[in-house]
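Chain by chain, the residues run as shown.
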Amino acid sequence: MTTGPKVAIRPLKAAHAEACDEVVRSLPYHFGDPDGQRECARAVRTSPGLVAVRRGQVVGFLTVAHHFETSSEITWMAVHADDRGQGIGRALIDRLTQQLRGQGRRLLLVTTVSSLEAEPGVVDGYGRTRAFYRSVGFIPARELPNLWPNQKALLLAMPLGEDH
């Protein structure tokens, strides 16, 4: 299925892993932690997810975990630095929420860096990420200041009920 300007959303496959790694490398500010890079690389090789493909190239991806029968979590998500702000992330979320609703899931979670974390002088930082998640229907659920070492986290939730 094509969504947006010549972007196809497809299931994540092992063959996409190297291209997902390249997307991560394009975002050194967001993926600067080597442990996080390794965890993300492992997730794109072992977890279910989606990729956004434009002109034969992976330009974005997300991975998902299903924790309970009715809830799921986006564990990793990225859009190549050159392609951010073009609706690719929204297309990935739209496809994922359609799939999850079809499976009877009722709640989608995502965790990102909290606004409690200072980002002085950063133009494309986590403020933009939080605004994106709010724009696609996530609501802040809880600050988690001790979830990650050296960063404060924010848990966001999106109800997937029939009227959302």
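Scroll up for the structure.
Below is a short write-up of the structure. (Residues numbered from 1 in each chain as written. Predicted model: local features only at pLDDT ≥ 70, side-chain atom pairs only at ≥ 80, totals over all residues. Heavy atoms only, no water.)

### Quick look at the nonpolar core
A general feature of soluble globular proteins is that nonpolar side chains tend to end up buried together. Counting 25 residues, the largest nonpolar core has Ile 74, Leu 92, Ile 93, Leu 96, Leu 108 and Phe 138 as its most contacted members. Counting only elements with at least two residues in this core, the list comes to β2 (7–11), β3 (49–54), β4 (57–68), β5 (71–79), α3 (88–102), β6 (107–113) and β8 (151–159). By residue number, the principal contributor to this core is α3, which donates six residues. Sequence-distant contacts of Phe 138, defined by excluding residues within four places in its chain, comprise Ile 74, Ile 93, Leu 108, Leu 109, Val 110, Tyr 133, Leu 156, Ala 157 and Met 158. Ranked by size, the runner-up nonpolar core spans 14 residues in total, among them Leu 12, Val 44, Val 58 and Phe 61. (Core = buried A, V, L, I, M, F, W, Y, C linked by side-chain atoms within 4.5 Å. Buried < 20%, exposed > 50% of the residue type's maximum accessible area, 1.4 Å probe, protein only. Helix = DSSP H or I, 4+ residues; strand = E, 2+ residues; numbered from the N terminus. Contact = heavy atoms within 4.5 Å.)

### Observations regarding the environment of His 16
Tracing the backbone through its elements, the reader meets His 16 in the loop between β2 and α1 (17–25). Separated by 109 residues in sequence, His 16 and Gly 125 have C-alpha atoms that sit 26 Å apart. What His 16 contacts, discounting residues up to four positions off in sequence, is Pro 11, Val 51 and Val 58.

### Points about helix α2 (residues 34–46)
With 13 residues, α2 ought to run about 18 Å at 1.5 Å a step, and its terminal C-alpha atoms sit 18 Å apart, in line with that. Taken together, the buried positions of α2 are Gly 36, Cys 40, Ala 43 and Val 44. Taken down its axis, α2 places every buried residue within 95 degrees of arc, on the same side. Buried-residue contacts for α2 involve α1, β4 and β5. (Expected span 1.5 Å × (residues − 1). Arc of directions from axis to C-beta.)

### Brief notes about helix α4 (residues 126–135)
When α4 is considered as a whole, its buried residues turn out to be Tyr 126, Thr 129, Arg 130 and Tyr 133. An end-on view of α4 places all buried positions within 95 degrees of arc, on one side of the element. For α4, the secondary structure elements touched by its buried residues are β5, α3, β6 and β8. At the C-terminal side of α4, Gly 137 shows a positive phi close to 115 degrees.

### A word on the packing of aromatic side chains
Pairs of aromatic rings are described using the distance from one ring centre to the other and the angle between the two planes. Across all of its chains, the model carries four aromatic pairs by this definition. Ring centres of Tyr 29 and Tyr 126 lie 6.0 Å apart, and the angle between their planes is 45 degrees; on these two criteria the pair is classed as tilted. Here Tyr 29, found in the loop between α1 and α2, pairs with Tyr 126, found in helix α4; they are 97 residues apart in sequence, far enough to count as distant. According to the relative accessible area criterion, Tyr 29 is partly exposed, its value standing at 40%. A relative accessible area of 12% places Tyr 126 in the buried class. With centroids separated by 5.3 Å and ring planes inclined at 55 degrees, the aromatic side chains of Phe 132 and Tyr 133 adopt a geometry described as tilted. Here Phe 132 falls in the partly exposed class, since its relative accessible area comes to 22%. With relative accessibility at 5%, the residue Tyr 133 sits in the buried group. (Phe/Tyr/Trp six-rings, centres within 6.5 Å; stacked < 30°, edge-to-face > 60°.)

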